[in-house]
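Inside the fold
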Protein chains: 4
Amino acid sequence: MSGNSFGTLLKLTTFGESHGPALGGILEGCPAGLELDVEAIQKELERRKPGQSKIVTQRKEPDQVVFYSGLFEGKTTGTPIGFAIHNTNQKSKDYSHIKDSYRPSHADYVYDKKYGFRDYRGGGRSSARETASRVVGGAIAKQLLPDVKIQAYVSQVGDLGLTKSAEELDLSLVESNPVRCPDPKAAAQMETYIKEIKKQGDTVGGVISCRITGVPVGLGSPVFDKLHARLGAAMLSINAVKGFEYGSGFEGARMKGSQHNDAFNSDGSTQTNHSGGVQGGISNGMDIVFSVAFKPVATLLQPYTTIDSEGNTVETQGKGRHDPCVVPRAVPIVEAMAALVLADFSLLARTDRFDVD
Amino acid sequence: MSGNSFGTLLKLTTFGESHGPALGGILEGCPAGLELDVEAIQKELERRKPGQSKIVTQRKEPDQVVFYSGLFEGKTTGTPIGFAIHNTNQKSKDYSHIKDSYRPSHADYVYDKKYGFRDYRGGGRSSARETASRVVGGAIAKQLLPDVKIQAYVSQVGDLGLTKSAEELDLSLVESNPVRCPDPKAAAQMETYIKEIKKQGDTVGGVISCRITGVPVGLGSPVFDKLHARLGAAMLSINAVKGFEYGSGFEGARMKGSQHNDAFNSDGSTQTNHSGGVQGGISNGMDIVFSVAFKPVATLLQPYTTIDSEGNTVETQGKGRHDPCVVPRAVPIVEAMAALVLADFSLLARTDRFDVD
Amino acid sequence: MSGNSFGTLLKLTTFGESHGPALGGILEGCPAGLELDVEAIQKELERRKPGQSKIVTQRKEPDQVVFYSGLFEGKTTGTPIGFAIHNTNQKSKDYSHIKDSYRPSHADYVYDKKYGFRDYRGGGRSSARETASRVVGGAIAKQLLPDVKIQAYVSQVGDLGLTKSAEELDLSLVESNPVRCPDPKAAAQMETYIKEIKKQGDTVGGVISCRITGVPVGLGSPVFDKLHARLGAAMLSINAVKGFEYGSGFEGARMKGSQHNDAFNSDGSTQTNHSGGVQGGISNGMDIVFSVAFKPVATLLQPYTTIDSEGNTVETQGKGRHDPCVVPRAVPIVEAMAALVLADFSLLARTDRFDVD
Amino acid sequence: MSGNSFGTLLKLTTFGESHGPALGGILEGCPAGLELDVEAIQKELERRKPGQSKIVTQRKEPDQVVFYSGLFEGKTTGTPIGFAIHNTNQKSKDYSHIKDSYRPSHADYVYDKKYGFRDYRGGGRSSARETASRVVGGAIAKQLLPDVKIQAYVSQVGDLGLTKSAEELDLSLVESNPVRCPDPKAAAQMETYIKEIKKQGDTVGGVISCRITGVPVGLGSPVFDKLHARLGAAMLSINAVKGFEYGSGFEGARMKGSQHNDAFNSDGSTQTNHSGGVQGGISNGMDIVFSVAFKPVATLLQPYTTIDSEGNTVETQGKGRHDPCVVPRAVPIVEAMAALVLADFSLLARTDRFDVD
C-alpha cells in the first residue's frame, strides 16, 4: 500500500489500525535543536480525542502519545521522531456484525475487492483514528513555525452556516464551545442541531474553514507542488472530506477578472484577498484562507439494508460509538495537516537561492 | 525548485517556460509494449492549443510534440519517454512593460521575493503553457487505460451554469462547440457571454466537471494517497484553479447521513453516487465525478494601477494575447491530469496482493 | 535528517537510537495476504543480537520485536507494518566519559558540527543497534521471496581469508560456528584470532560474502537503480562497511574482455559468472554474488588520546561492551538488506509490461 | 522503468537511448541566481566524448548540449533545467547483426526477458551514451560547489596500477595524457598496453580513483543515505562498474582497530585518513577518497559464439566502434556523479538545524 507518508523534507509516515495494539508514526526531517513542548502536543490530541463532549463519540480513549526517539534532553536531535499511541478501548465485538456485510458508504467493499480480505474491526486502516498520528506530527510542525498562526474553525453544520468571513470573526472563541465555531450564537444553534440529529440516530455533514496568519512570502512551488495543491491534497486526505477551496474558491468562478484581481498596496500586501494568500502556488504574505467540506458520517444508529460478500441482501443495524457530526473533532486535524504542509515548504524554501548570505 | 514531477510509478516531470526555446518532459514508468498512437497525442494538444477558436487567445503556436526516446518501432520500450514542444511564437516584447512592475493576481511579486529575480516573459514557469507537457503525458496515460473513459466538460462560465448532472448530459457533444459545454443551448449563451467579456477587455471564471467511466474497483490508497486526494492535488496544480469537489462535494456538507449514504445493489454497484465513485480513497467501480473551479484570468486588457519592485505606484495597461475565459482550453488539461492519476494507481494496484495468480 | 527510508514500493523507514526507549520501523508496501511467520523474524533477530556467543559483545538485549499494525489473523493486510524493539539494557553511564570528547573514527565529531549537539549515549542514531529494525524488515522481505535463497557468510577476518568461492563452499555450515564461516577449519582459526584480538582490547575487520540463488531474470533497472547499485547502496549503508564488489569485482578490473565475458548456454544461463548474476543492472538468473568489506570496530578497550569539543587534548579509555569483530553479527544484516532490495524489485517488475496476461 | 532519477533536492532525471533522436535530462532543484558557465559544461562533455584520442572509440559525436529552460540572462532561475544532446552519428546498421542474438555480458538477454522485446541498436537505454546527460548535470553541480575540488583519475589499467596514493600524486597532470593517469610514466605504459589490447580486438578493465578536497564537515546522513552509500550507489550506477571502496576500503578489512583509527588533531582534522573523509556517513572535512573498479568492455572485435532468442547457437563477430578500455572516458563521469551527490547533500544540510541564524 502506497501513500502512508506525507511531505518532502518534513515527512510524516503513519502506521496503525483502530483495533490493533497501537498506532503511531515517524516524523523525519525535523531540524535539530528545537525545544519540544510535549505538553502542547498532548493538548492537540485532547482536542481530537473521542469523549471530549456530548456531541462527539462517547468512546473513551486516553490517546496518550509516547515518544520513542529523536529527542535528547528535551530537544530534537535531527533524527526521526518515532511515536506511538496505544489503543486501549477497542470494542472489536461491536464490529462482528459487519464481518461479512458491507456498510454503505464505507470502505468495506473496496477493501475486500482490492486486498482479497480485510481487517473489519473499526474500519481498519481507514478509521479516522489514524488521524491521531497526524495530530502529533502537525503539533510538532506548528512548533517549527513559531511566527505562524493556524486557526481552523467550524463554519457550517448541515444548513447552518456562518455568514461572516474569517477576518470578521473572533477566532479566539473557537475553543469556547464544543462545536468549535467562533460565533457563539451560531455555535449554540449548531450544538442543538447536532444533538437532535444524534437522537435520530442520524448524522450530518459540515464545513471547516481555516485562516493562517504570519506566513512569509515565498512558500510553495510553481508547478505540481503549488502551496494550495499541497494544502488541498492534505485536506482531501482527511476522512470524510468531499471538497476543498481557497481564497475566492467556487465563488471565484462566477467573478470577472476586474472584480477578482487583488490590487497591491505599496508594501506588497493587497487590498483584497481573493487569492487566499497564494499567488501562482506561492504564499504572498497575506492570510491563507481555505474551506473544507465534510460529508455526514456514514455509520447511522438505524436499521438498514445492505449486501454481504456474496451479494445477498442483509438487514442490519448500525452499532458502536460514532460521531453524529465529524467537524468539531476534525478542527485540530485540519490545523495539523496545514502545519505539516507549511513547515515542509519552510524547509524547502531554504534551498531557493544559490547565494544565502 | 521542488515539485516538477507528478506520480509515483508513472511519473511525469516537466520543464520549460513559455518564452524559452522549448518546453517538454519525461514520462517514466510507462510499461513496455504499448503501441503508441502518436496522432492521438497530437490531437489532445490541438484541444489545448491557443488560437483554436474566437473565444480563446489568438496566439498562434503549432504545439507540435517531438519524441526523443522510449519508443522503438512504434511501441513503448519501458524506458523514459522524453519529449519537447518547441516554442515558436514568443512575443517577449509584449512583456517588457511588466519587467519592473508586478501584475495584480499574478506570480510576479512572489517570484521576485522567493528567487531574488524572475524571468518576466510570459509568466516564466508559471505560464499555463507548461500544461502542454501535461497534456502529452496524460494522452499517453489515457492509452494505458483502454477501458476507462475520461470526459471533462465546461459546466459553468461566470453565472451561467448547467443544472443537469453528468449522467443527464450527452457528453458526446462536448467537442461540438468552442466552449466545450455538452448542452448546446447553454453553450451558445456561454459563448456569447465570453465574447462580450472579451470586448470589455475583461475576463471571467468558470467550472469544469468531469465524469470517468469504466474504472475498476480498487484504485487508490487508504490514507494520504486517497484517489480523490490525488485527483484534487492534480486539479489544484492546474493554473487558476481555486477549488475541487467530488461526488456530493460542498453540497454533501449540508446533507444527513440517511440521505447521503449510497445503498448497495446486489452486484456491488450503488443506487446513488454521492460518493463520486470513491470510497475511503479507493475507487468503487461507480463513475468518478468531480468539479474544478477556475478563477478569471488575471490579465485584463484594461488600464490598471499597480506597484513596481520599489513599491512605487505605476499606471499600466494589460497587453499580449490572453484568454478571456480559461475553461474551454482547460478541458483537455483536466482530462490529462485525471488520466495520469488513474494510470499511476492502476500500476500500483498490481502490487496489492502477495498472491497474484 | 533525510535518509531513514529504504526502498521504492517495499519501503522500510526506521527510527530509534540505542539508548532511547525503543527503536523500530514501518514497512510499507508489503502486499496483502502473506501468512507472516513471526517466529522466523524473531529468529533472524537472534542471529544479530548481542551476547549470542563469546566472540561478540556481551551486552544482553532480548531484542524482542512487537508488531503494532498491518497484520490480521496472521496475514499481512496490505497496510503498513509498524513494529518496535524496546531497549532494556542501556548502560548510558558507560558513555558519560565521552560526553565532551570525540572518539576517534566515530561519528561524535561530525554530529556536533552538523547538528550543533548530539545524543552521546551509545552513538545515538549511528549505533549499529539501528540495524535490528532492518533485520525485521528484511526477514519479512525474505518471506515475500519464497523461491529465493540469500546466504551470507564470513569469508575473511583480518588476514584470514577463504580461498574457495561460494559455489565450492557448503553454505549449510554457516550457522555451525559462532564466526558464521562455512569452512569449519578456517572458522576455528578465525575464532581463535578474534579471541586473541579481544584479549588485547583491540578489534579487527573482515569481509562478508553473499550468494543468492533462485533469483528470476529481470529484477533491477537499467540506469540509476541498477540491481547491483541498489545492493551496493544497501550494503554501504551498514555500519563499518568500507567497500562493495559483485561478480568479478576489483579483480575484474585486471581482466581482459576475452577472459571476462560469460558465454551463454543454450538455456540462457552462462558458463562462467563474472557478471555476478547481474547484466546491465538487471538480474540474469545466475547466482548473485557479492562481497562487503568491514573496517575494524573503532571502540578499543585501550587507553587513547583524543580531543574534546574545545580542541583540548584528553587522555581517555574505551569502555562499554563492544564487538571485537563486527562480521559474525553482520551476516543477518547483509541478508536482510539484500532481501529488501530483491523484494522491492520483484514488486516493481510487476509493472514492466503493458500486457500482463 | 524506475530509476531514471538521481538525487533528493538536486535531482537529475535522464532520458534517451544511443540511437534515438536525442538524449538529455532535467535537473531540478538547482537554486536560483547561479551564473552558469555553459562553456565549462561543454568542456566536461568533451572529456567524455568519443573520438577524443586514439585509445577510445573512434565514433564521432559532437555531443553538443542545448539548454531548453531554467536559465534567464545567464543565471539559473530556480526552475528545472531541461537539456538535450542530439544524436548525430548513429550507425544503427552496425547493430543489425545482433537483432536476434544475445551478446555475451551485455544486457540484450535480460532486456528481452524483462520487457518482452528491446531496442537492439547500440544497447538502447543501457548504452554508456546515457552518461553524457550525467556529465551535464554533474558539471552544473560542480558550479554549485565553488570551494570543492573533485579530481578523478585512472589509477589502474589491467594489471598496471599506481602505487602512490592521491596525496602523493600531482593531480594537475591528469589531463596531460589520453589515459587520464596523473603519473606520466605509468600513463605511457598504460597507453601502450591499451593500444596493444585494441590491436588484438580485445578490451581490458581498470580502476578510477578520486580525491575530493574542500568538502565542509556535515554532508551526508547517518542511516540509509550515508555519504559513502550515496557515492557508492552513484558509482555503481555507471556502466561496467564492478566495485566501490572508500578510505581504507577492502584493505581496511585486514586491519586492527588500533591501526585503523584516525587520531584527531586539535583542529578536528585527523592524522591519518583511513576514514576516507567520511565518519558515520557524514563528511568530516578531510579529503574524500574512493576507488571504482571497471570491468573490461564486453564488445570484442573478435569472432565469438553465442545464442539467439530461440536458444540456437550462432557464430558472430563483434562490430561497431567501441572503447578498448573504458576508464579514460569514465573519469569525467565519476566526477559528475560525485558532484551530484555532494551538491545534493549541501542543499539538504541547509535544513539540519532549527536555528539557522
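Please read these numbers as outputs of a predicted model, since none were measured by experiment.

1. Considerations on the overall build of chain A
What chain A contains, in helices and strands, is eight helices and 17 strands. Projected onto the principal axes, the alpha-carbon positions of chain A cover approximately 65 × 50 × 40 Å. The buried share of chain A, reckoned over its 357 residues, is 69%. Side chains of chain A give 40 positive and 41 negative charges; the mean places of these two sets differ by 6 Å.

2. Examining the interface of chain B and chain D
Each partner contributes to the interface: chain B provides 40 residues, whereas chain D provides 40 residues. Taken together, the two surfaces of chain B and chain D that pack against each other cover about 3,100 Å², and 66% of this comes from carbon and sulfur. Considering only the side of chain B, the residues that lose the most area to chain D are Y68, F72 and F117 of chain B, jointly responsible for 23% of the buried surface there. Along the contact surface separating chain B from chain D lie zero salt bridges. Linking chain B with chain D are seven residue pairs in polar contact (both at pLDDT 80 or more), by the criterion used here. Among the secondary structure elements, those contributing two or more residues to the side of chain B that touches chain D are β2 (11–15), β3 (22–28), β6 (75–76) and β7 (81–86) of chain B.

3. With respect to the interface of chain A and chain B
Chain A puts 105 residues into the contact, and the matching count from chain B is 106 residues. Roughly 7,900 Å² of surface becomes buried between chain A and chain B when both sides are summed, with 59% attributable to carbon and sulfur atoms. If you look at where chain A meets chain B, you find four salt bridges. A salt bridge links D352 of chain B to K114 of chain A, with the nearest nitrogen and oxygen atoms 3.1 Å apart. Across the chain A-chain B interface, the total number found is 43 residue pairs in polar contact (both at pLDDT 80 or more). In terms of residue count, the dominant contributor to the side of chain A that touches chain B is helix α2 (residues 108–115) of chain A (seven residues). Within the side of chain A that touches chain B, the residues separate by chemical class into 41 nonpolar, 44 polar and 20 charged. As paired strands, strand β12 (residues 241–246) of chain A and strand β12 (residues 241–246) of chain B are joined by three bridges and run antiparallel to one another. The residue bridging E245 of chain A from the neighbouring strand is G243 of chain B, located in β12 of chain B.

4. Digging into the sheet that holds strand β17 (residues 313–317) of chain D
Residue and element names in this part refer to chain D. Taken together, three strands build an open sheet; the order of strands is β8-β16-β17 and the sheet is antiparallel. Edge positions in the sheet fall to β8 (101–102) and β17, since each of these pairs with one other strand and no more. The pairing of strand β16 (residues 303–308) with β17 spans five bridges and is antiparallel. Across the sheet, residue T306 finds its bridge partner in β17, namely V314.

About the cut-offs
Counting from 1, residues in each chain are numbered in the order their sequence is written. Labels are handed out in written order, letters beginning with A for the chains and numbers beginning with 1 for the ligands. At least 70 in pLDDT is required for a residue's local features to be given in this predicted model, at least 80 for side-chain atom pairs to be given and counted, and no such filter applies to totals for whole chains, interfaces and linings, which use all residues. For side-chain calculations, the full set of non-hydrogen atoms in the structure is used, while hydrogens and water are omitted. For the purposes of this entry, the term helix denotes a DSSP run of H or I that reaches at least four residues, the term strand denotes a run of E that reaches at least two, and both are numbered from the N terminus. Burial status follows relative accessibility: with a 1.4 Å probe on protein chains alone, a residue under 20% of its type maximum counts as buried, one over 50% as exposed, and anything between as partly exposed. The charged-residue count follows a simple rule in which Lys and Arg add positive charge and Asp and Glu add negative charge, with His and chain termini not counted at all. Charged groups are reduced to one reference atom each: NZ for lysine, CZ for arginine, CG for aspartic acid, CD for glutamic acid. Residue contacts are defined here by distance: any two heavy atoms, one from each residue, within 4.5 Å place the two residues in contact. The quantity reported as buried area is the accessible area (1.4 Å probe) lost by two parts once they are put together, taken as the sum for both. Salt bridge criterion: a side-chain nitrogen from Lys or Arg within 4 Å of a carboxyl oxygen from Asp or Glu. N or O atoms closer than or at 3.5 Å make up a polar contact, with two conditions inside protein: a donor-capable atom paired with an acceptor-capable one, and, for residues adjacent in sequence, both atoms drawn from side chains. Gly is put with the polar residues, along with every residue not named as nonpolar or charged; the nonpolar set is Ala, Val, Leu, Ile, Met, Phe, Trp, Tyr, Cys and Pro, and the charged set is Asp, Glu, Lys and Arg. Note on pairing: two strands pair once DSSP finds at least 2 bridges between them.

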